[in-house]
Amino acid sequence: MYKLVFLVSSALLLSYVLARPQDLRAGAPSATTTTTAATIVKQDNVNNADGSFNSSYETSNGIRVENIGYLKKIIVPKTETSDGQVIDEHEELVLVQTGSYSYSDPDGNLITLRYVADENGFQPEGDHLPVAPQ
C-alpha cells in the first residue's frame, strides 16, 4: 500500500514540475523586464460637500490619470417585478464618473483611454481599443 501511495505522490510531483512554465525552470532566462521606480510629480484631490470630486496625478514616467465624479438624479421608470409587485416611477441618485488615463506602451506609443461610467455602464474610448463590427 505504501508503495502505491509513494508512486502516485511521485507521479503527481513529477507532473507538477514538468507542467511549470518554461521561464520558471532553473537556468531559463527571466521573463521580467527592467523597470525604473516612478514617483508622483503632481497630485490634486478635491472633495466637495455636494459629493462631487476631482482627482488627478502624474508620475515621473509619464502616466497621467484624471477622475471627475458627481451625483446625478435620474428617473427610474415604473416597473413590475416577477412576482407582480409594482414599483412606481421614482428618482434615484447615481454616481457619474468621467476621466482618462494615459501611459506609454513598451514600444513608446502613447496610450490614452477616456471613459464615462454612469447609469448606462462603463463606456471606454481609445484609439487602441477594438471597434465592434457594424
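Quick caveat: nothing in here was measured; it's all calculated off a predicted structure. (Residues numbered from 1 in each chain as written. Predicted model: local features only at pLDDT ≥ 70, side-chain atom pairs only at ≥ 80, totals over all residues. Heavy atoms only, no water.)

Novice: Please explain the overall build of the protein chain as it appears in this structure.
Specialist: Of regular secondary structure, the protein chain possesses 1 helix and 8 strands. Secondary structure elements of the protein chain, listed N to C terminal, follow the sequence α-β-β-β-β-β-β-β-β. Of all 134 residues assigned to the protein chain, the portion counted as buried reaches 13%. Within the protein chain, counting contacts between residues at least 6 apart in sequence, those at least 24 apart form 20% of the total. Surface accessibility of the protein chain: about 11000 Å² in total, with carbon and sulfur atoms responsible for 57%. (Helix = DSSP H or I, 4+ residues; strand = E, 2+ residues; numbered from the N terminus. Buried < 20%, exposed > 50% of the residue type's maximum accessible area, 1.4 Å probe, protein only. Contact = heavy atoms within 4.5 Å. Areas by Shrake-Rupley, 256 points an atom, 1.4 Å probe, with all protein chains shown as cover.)

Novice: How do you make sense of the pattern of salt bridges when you look at a structure like this?
Specialist: Any two side chains of opposite charge can pair, on the condition that their charged atoms come close. Counting across every chain of the model gives 3 salt bridges. Taking the shortest distance from any N to any O, the salt bridge between E119 and K72 comes out at 3.0 Å. Pair noted here: E119 is in the loop between strand 7 (110–118) and strand 8 (121–125) and K72 is in strand 3 (residues 64–76), with a separation of 47 residues, a long-range link. Since its relative accessible area comes to 34%, E119 is described here as partly exposed. (Salt bridge = Lys/Arg side-chain N within 4 Å of Asp/Glu carboxyl O.)

Novice: What's the story with the packing of aromatic side chains in this structure? I'm lost.
Specialist: Pairs of aromatic rings are described using the distance from one ring centre to the other and the angle between the two planes. If you walk through the whole model with that rule in mind, you get 2 aromatic pairs. Measuring from ring centre to ring centre gives 6.4 Å for Y101 and Y103, while their planes differ by 15 degrees; the resulting arrangement is stacked. Residues Y115 and F122 carry aromatic rings whose centres are separated by 5.6 Å and whose planes lie at 35 degrees to one another, so their mutual orientation is tilted. The exposure class of F122 is exposed, given its relative accessible area of 54%. (Phe/Tyr/Trp six-rings, centres within 6.5 Å; stacked < 30°, edge-to-face > 60°.)

Novice: For this particular structure, what's the right way to read the confidence of the model for the protein chain?
Specialist: Low pLDDT marks regions whose predicted coordinates should not be analysed in detail. Chain-level statistics for the protein chain give a pLDDT mean of 81 and a share of 75% at 70 or above. Per-element confidence in the protein chain is highest for strand 2 (residues 53–59), whose mean pLDDT is 96, and lowest for helix 1 (residues 2–19), whose mean pLDDT is 53. (pLDDT = per-residue confidence, 0-100.)

Novice: How should I be thinking about the environment of E91 in this particular structure?
Specialist: Structurally, E91 can be placed in strand 6 (residues 90–104). Residues E91 and I74 lie 17 residues apart in sequence; the distance between their C-alpha atoms is 5.5 Å.

Novice: When you look at the environment of T98 in this model, what are you seeing that I'm missing?
Specialist: By secondary structure assignment, the location of T98 is in strand 6. With relative accessibility at 23%, the residue T98 sits in the partly exposed group. Linking T98 and Q123, residues 25 residues apart in sequence, is a C-alpha distance of 9.4 Å. Those residues within four positions of T98 in sequence are excluded, and the remaining contacts are E66, N67, I68, Y115 and V116.

Novice: What exactly am I supposed to notice about the sheet that holds strand 8 here?
Specialist: By way of backbone hydrogen bonds, the strands of a sheet pair with one another, either parallel or antiparallel. Taken in spatial order, the 6 strands line up as 1-2-3-6-7-8 in an open sheet, and their pairing is antiparallel. Each edge of the sheet is formed by a strand with only one pairing partner; in this case those strands are strand 1 (40–47) and strand 8. For this sheet, the mean angle separating the axes of adjacent strands, direction not counted, is 15 degrees. Looking at chain direction, strand 7 and strand 8 are connected through 5 bridges and run antiparallel. From the neighbouring strand, A117 faces strand 8, where its bridge partner is F122. (Pairing = 2+ DSSP bridges. Axes fitted to C-alpha atoms, helices over the stretch in contact; angles between N-to-C directions.)

Novice: What am I meant to see in a nonpolar patch on the surface here?
Specialist: A cluster of nonpolar side chains, L71, L93 and L95, forms an exposed patch at the surface whose accessible area comes to about 270 Å². As for its placement among the helices and strands, L71 is situated in strand 3. Residue L71 is classed as partly exposed on the basis of its relative accessible area of 42%. (Patch = residues over 30% accessible without salt bridge, like charges linked within 9 Å, V, L, I, M, F, W, Y side chains within 5 Å.)

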